[in-house]
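# A look at the structure
Below are the chains, spelled out letter by letter.
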Amino acid sequence: MSLPELILASASPYRQELLQRLQIPFRVETSAIDETPLPDEAPEALVCRLAEAKAQAVAHRNPQAVVIGADQMAVCGTRMLGKPGNAERAVEQLGWMQGQAVEFLNGIAIAAASGTEIFLVPYRIVLRTLTSIEIERYVARDQPLDCAGSFRSEGLGISLVKRMEGEDPHALMGLPLITLCRGLRKLGYPLP
């Protein structure tokens, strides 16, 4: 029995690199969806809704495929932190986050002919108390401009951390592999 084509509905190089670790052939096809939060939408609901919308948009064009959609957001206190886009915004975000707990929320959707499964995978970090010089140095060296909350754990961002808590450290990079493997195994993909 041949397995359906696997498609990652994300242009993120971080997610692509993580999915390659599973050694399952896949291709990338992006979706152009509106990522604007709904009025009073909780961050957990937002990342799950966006992950599902991304997966469904690509699955609509590829009904026989299995499509993975993902979305991530960092939450610090009452602030929802997306990708900063520039160094000034990254410095500002890290200034808010320093010395505090930050929740990285990951929505994952796996769309298949049999239906769509949606998962919420949180991961929590506590940042050290940082000086403005440390923050500026980090942003200049690691350039986390395309990362939720201006934080890259796979780079120098790990030096900012006091403590990490969660079931899947890959969630910090935007694609929780433990949860994804569980979902793909249920669909018959040959993972160890």
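Attention here is on the structure that accompanies the text. (Residues numbered from 1 in each chain as written. Predicted model: local features only at pLDDT ≥ 70, side-chain atom pairs only at ≥ 80, totals over all residues. Heavy atoms only, no water.)

This part takes up the overall build of the protein. Within the protein, the secondary structure is distributed over five helices and seven strands. When its helices and strands are written in sequence order, the protein yields β-α-β-α-β-β-α-β-β-α-β-α. The C-alpha atoms of the protein give 17 Å as radius of gyration, which agrees with the globular expectation for 192 residues (16 Å, within 12%). Taking the principal axes of its C-alpha atoms as reference, the protein extends roughly 55 × 40 × 25 Å. Relative to all contacts within the protein whose residues are 6 or more apart in sequence, the contacts with residues 24 or more apart total 65%. When the accessible surface of the protein is split by element, carbon and sulfur atoms take 52% of a total near 9400 Å². With 19 positive and 22 negative side-chain charges, the protein shows a separation of 4 Å between the mean positions of the two kinds. (Helix = DSSP H or I, 4+ residues; strand = E, 2+ residues; numbered from the N terminus. Rg over C-alpha atoms; globule rule 2.2 N^0.38 Å. Contact = heavy atoms within 4.5 Å. Areas by Shrake-Rupley, 256 points an atom, 1.4 Å probe, with all protein chains shown as cover. Lys, Arg positive; Asp, Glu negative; His and termini not counted. Charge placed at Lys NZ, Arg CZ, Asp CG, Glu CD.)

Two packed helices can be described by the angle between their axes and the distance between those axes. Helix 4 (residues 132–142) packs onto helix 3 (residues 87–97) with a crossing angle of 135 degrees between their chain directions and a minimal axis gap of 10 Å. As far as their axial angle goes, helix 4 and helix 3 are oblique. The way helix 3 lies across helix 4 gives a crossing that is right-handed. Between helix 3, through Ala 87, Ala 90, Val 91, Leu 94 and Gly 95, and helix 4, the contact on the second element is made entirely by Ile 135, Glu 136, Tyr 138 and Val 139. Tallied by class, residues from the contact of helix 3 with helix 4 come to seven nonpolar, one polar and one charged. (Axes fitted to C-alpha atoms, helices over the stretch in contact; angles between N-to-C directions. Parallel < 35°, antiparallel > 145°, perpendicular 65-115°, else oblique. Left-handed = near helix turned anticlockwise from the far one by under 90°. Nonpolar A, V, L, I, M, F, W, Y, C, P; charged D, E, K, R; others polar.)

Here we take up the side chain of Ser 150. Summarising the element assignment, Ser 150 is placed in the loop between helix 4 and strand 7 (161–165). Here the side chain of Ser 150 touches Gln 93 through a polar contact of 2.6 Å, side chain to side chain. Setting aside its immediate chain neighbours within four residues, Ser 150 contacts Pro 84, Arg 89, Ala 90, Gln 93, Leu 94, Tyr 138 and Pro 144. (Polar contact = N/O pair within 3.5 Å; in protein donor to acceptor, adjacent residues only side chain to side chain.)

Right, let's talk about the pattern of salt bridges for a bit. When the charged atoms of two side chains with opposite charge come close together, those side chains can pair. Across all of its chains, the model carries 13 salt bridges by this definition. Close ionic contact of Glu 17 with Arg 21 constitutes a salt bridge, the shortest N to O distance being 3.0 Å. Assessed through its relative accessible area of 35%, Glu 17 is described here as partly exposed. Residues joined in a network through salt bridges with shared partners are Glu 5, Arg 27, Glu 29 and Arg 61. (Salt bridge = Lys/Arg side-chain N within 4 Å of Asp/Glu carboxyl O. Buried < 20%, exposed > 50% of the residue type's maximum accessible area, 1.4 Å probe, protein only.)

What the largest pocket holds in volume is close to 610 Å³. Arg 15, Glu 35, Lys 54, Asp 71 and Lys 83 are, among the 31 residues lining the largest pocket, the residues nearest its centre. Elements represented by at least two residues in the lining of the largest pocket include exactly helix 1 (13–20), helix 2 (43–61) and strand 3 (66–76). Looking at the lining of the largest pocket, the element that brings in the most residues is strand 3, giving four residues. For the lining of the largest pocket, the per-class residue count stands at 15 nonpolar, eight polar and eight charged. (1 Å grid on protein atoms, 1.4 Å probe; cavity = no way out; pocket = protein on both sides within 12 Å on 5 of 7 lines; lining within 4 Å. Points joined across faces, edges and corners; volume = space filled by probe spheres on them.)

To continue, consider unusual backbone geometry. Excluding glycine, most residues fall at negative phi; most peptide bonds, likewise, are trans. Its identity as a non-glycine residue notwithstanding, Gln 23 has a phi of 55 degrees, on the positive side. Relative to the helices and strands, Gln 23 resides in the loop between helix 1 and strand 2 (27–28). Residue Asp 40 is not a glycine yet carries a positive backbone phi of 60 degrees. Looking at where Asp 40 falls in the secondary structure, it is placed in the loop between strand 2 and helix 2.

The next subject is the environment of Leu 3. When you line up the elements, Leu 3 lands in the segment before strand 1 (6–8). According to the relative accessible area criterion, Leu 3 is partly exposed, its value standing at 31%. Considered as a pair, Leu 3 and Leu 187 are 184 residues apart in the sequence and their alpha carbons are 8.6 Å apart. Leu 3 has contacts with Leu 187, Gly 188, Tyr 189 and Pro 190, leaving out every residue within four places of it along the chain.

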